[in-house]
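Take a look at the letters that make up each chain.
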Amino acid sequence: MELLYNFPLWSAIIAILFAQAVKVPIRMIATRDFNPGLAFSTGGMPSSHSAAVTALATAVGLQEGFDSSMFGIAAVFSIIVMFDSTGVRRQSGEQAIVLNLLINDFQRFVDEAKLWNKKQEFEKREEIRELLGHQPIEVFFGGVTGILLSIILYYAIF
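Note that the structure is predicted; figures quoted are calculated from it, not measured.

Participant: Could you give an account of the overall build of the protein, naming the residues involved and the relevant values?
Facilitator: Scanning the protein from terminus to terminus reveals 5 helices and 0 strands. Walking the protein from its N terminus toward its C terminus, one meets helices and strands in the order α-α-α-α-α. When the 158 residues of the protein are sorted by exposure, 35% land in the buried category. Restricting the contact set of the protein to residue pairs at least 6 apart, pairs at least 24 apart contribute 74%. For the protein, the exposed surface amounts to about 10400 Å²; the carbon and sulfur share of it is 68%.

And the structure:
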């Protein structure tokens, strides 16, 4: 039952849930588009990955001390995850956009070339995921979200 009292773990989990939930109203304010499915998808503002790892590192720092080895490990882990979110994962999302465009263009060509009147089964397949990574601003605000949530939770609990 000690797991229930693991402040860094709960801080990270709450940061993930908060960041995912707040994506829906932020998108709605920014684009007037209500998309509740965004709460269960990757990408978007703020980055839940960044919120989680910064909440974890902040909670470890608050609990163990910012001069502890555990905080150092958590901080480096956070940096790597946030760098990956804006680097490799973001590029994967950009490639997915291009692939989806190519698939759509190819499909349109095939449809016109063969004069198909009805949709074929393979046209109904799900598109490649485009929201894989984050823009730097999304990672930044995810990090700020995680830090602030951990500090608030720490002082609310202790």
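After presenting the structure, the write-up continues.
Participant: Quick one: what's the story with the packing of aromatic side chains, residue by residue and with numbers?
Facilitator: Summed over the entire model, instances satisfying the criterion amount to 4 aromatic pairs. Consider the rings of Tyr154 and Tyr155, whose centres lie 5.1 Å apart with planes at 90°: the pair is edge-to-face. Judged by relative accessible area, which is 58%, Tyr155 ranks as exposed. Joined through ring pairs, the aromatic side chains of Phe7, Tyr154 and Tyr155 make up one cluster.

Participant: Please give an account of the packing of helix α1 (residues 7–31) against helix α5 (residues 136–157) that cites residues and values.
Facilitator: Relative to each other, α1 and α5 sit at 130°, their axes nearing to 9 Å. Taken together, α1 and α5 sit at an angle that is classed as oblique. Classified by chirality, the crossing of α5 by α1 is right-handed. Seen from α1, the contacting residues are Phe7, Ser11, Ile14, Ala15 and Phe18; seen from α5, they are Thr145, Gly146, Leu149, Ser150, Leu153, Tyr154 and Ile157. Residues belonging to the contact of α1 with α5 are distributed by class as follows: 8 nonpolar, 4 polar and no charged.

Participant: Which residues make up the confidence of the model for the protein, and what values go with them?
Facilitator: Taken residue by residue, the protein gives an average pLDDT of 81. The fraction at 70 or more is 83%. Of all secondary-structure elements in the protein, the lowest mean pLDDT belongs to helix α4 (residues 88–114), at 72, while helix α2 (residues 48–64) reaches the highest, 95. Low pLDDT, under 50, characterises residues 124–130; the stretch is placed with 14 contacts to residues that sit more than four places away or in other chains.

Participant: How would you explain the packing of α2 against helix α3 (residues 69–86) if you had to name every residue and give the values?
Facilitator: Axis separation between α2 and α3 bottoms out at 8 Å; the angle between their running directions is 170°. Classified by the interaxial angle, the pair formed by α2 and α3 is roughly antiparallel. On α3, the residues touching His49, Ser50, Val53, Thr54, Leu56, Ala57, Val60 and Gly61 of α2 are Met70, Phe71, Ala74, Ala75, Phe77, Ser78, Val81, Met82 and Ser85.

Participant: With reference to specific residues and values, describe the side chain of Gln20.
Facilitator: Mapping Gln20 onto the fold places it in helix α1. Ignoring any residue separated from it by four or fewer positions in sequence, one finds Gln20 in contact with Leu38, Ala39, Phe40, Ser41 and Ser48.

Participant: Tell me about α5, and name the residues and values.
Facilitator: Between its terminal C-alpha atoms α5 stretches 32 Å, which fits the 32 Å expected from 22 residues at 1.5 Å a residue. Taken together, the buried positions of α5 are occupied by Glu138, Val139, Gly142, Gly143, Thr145, Gly146, Leu149, Ser150, Leu153 and Tyr154. Looking straight down α5, one finds that the buried residues subtend no more than 160° of arc, so they occupy a single side. Of the exposed residues in α5, those oriented more than 90 degrees away from the buried face are Pro136, Phe140, Ile152, Tyr155 and Ala156. Contact partners of the buried residues in α5: α1, α2 and α3.

What counts as what
Residues numbered from 1 in each chain as written. Predicted model: local features only at pLDDT ≥ 70, side-chain atom pairs only at ≥ 80, totals over all residues. Heavy atoms only, no water. Helix = DSSP H or I, 4+ residues; strand = E, 2+ residues; numbered from the N terminus. Buried < 20%, exposed > 50% of the residue type's maximum accessible area, 1.4 Å probe, protein only. Contact = heavy atoms within 4.5 Å. Areas by Shrake-Rupley, 256 points an atom, 1.4 Å probe, with all protein chains shown as cover. Phe/Tyr/Trp six-rings, centres within 6.5 Å; stacked < 30°, edge-to-face > 60°. Axes fitted to C-alpha atoms, helices over the stretch in contact; angles between N-to-C directions. Parallel < 35°, antiparallel > 145°, perpendicular 65-115°, else oblique. Left-handed = near helix turned anticlockwise from the far one by under 90°. Nonpolar A, V, L, I, M, F, W, Y, C, P; charged D, E, K, R; others polar. pLDDT = per-residue confidence, 0-100. Expected span 1.5 Å × (residues − 1). Arc of directions from axis to C-beta.

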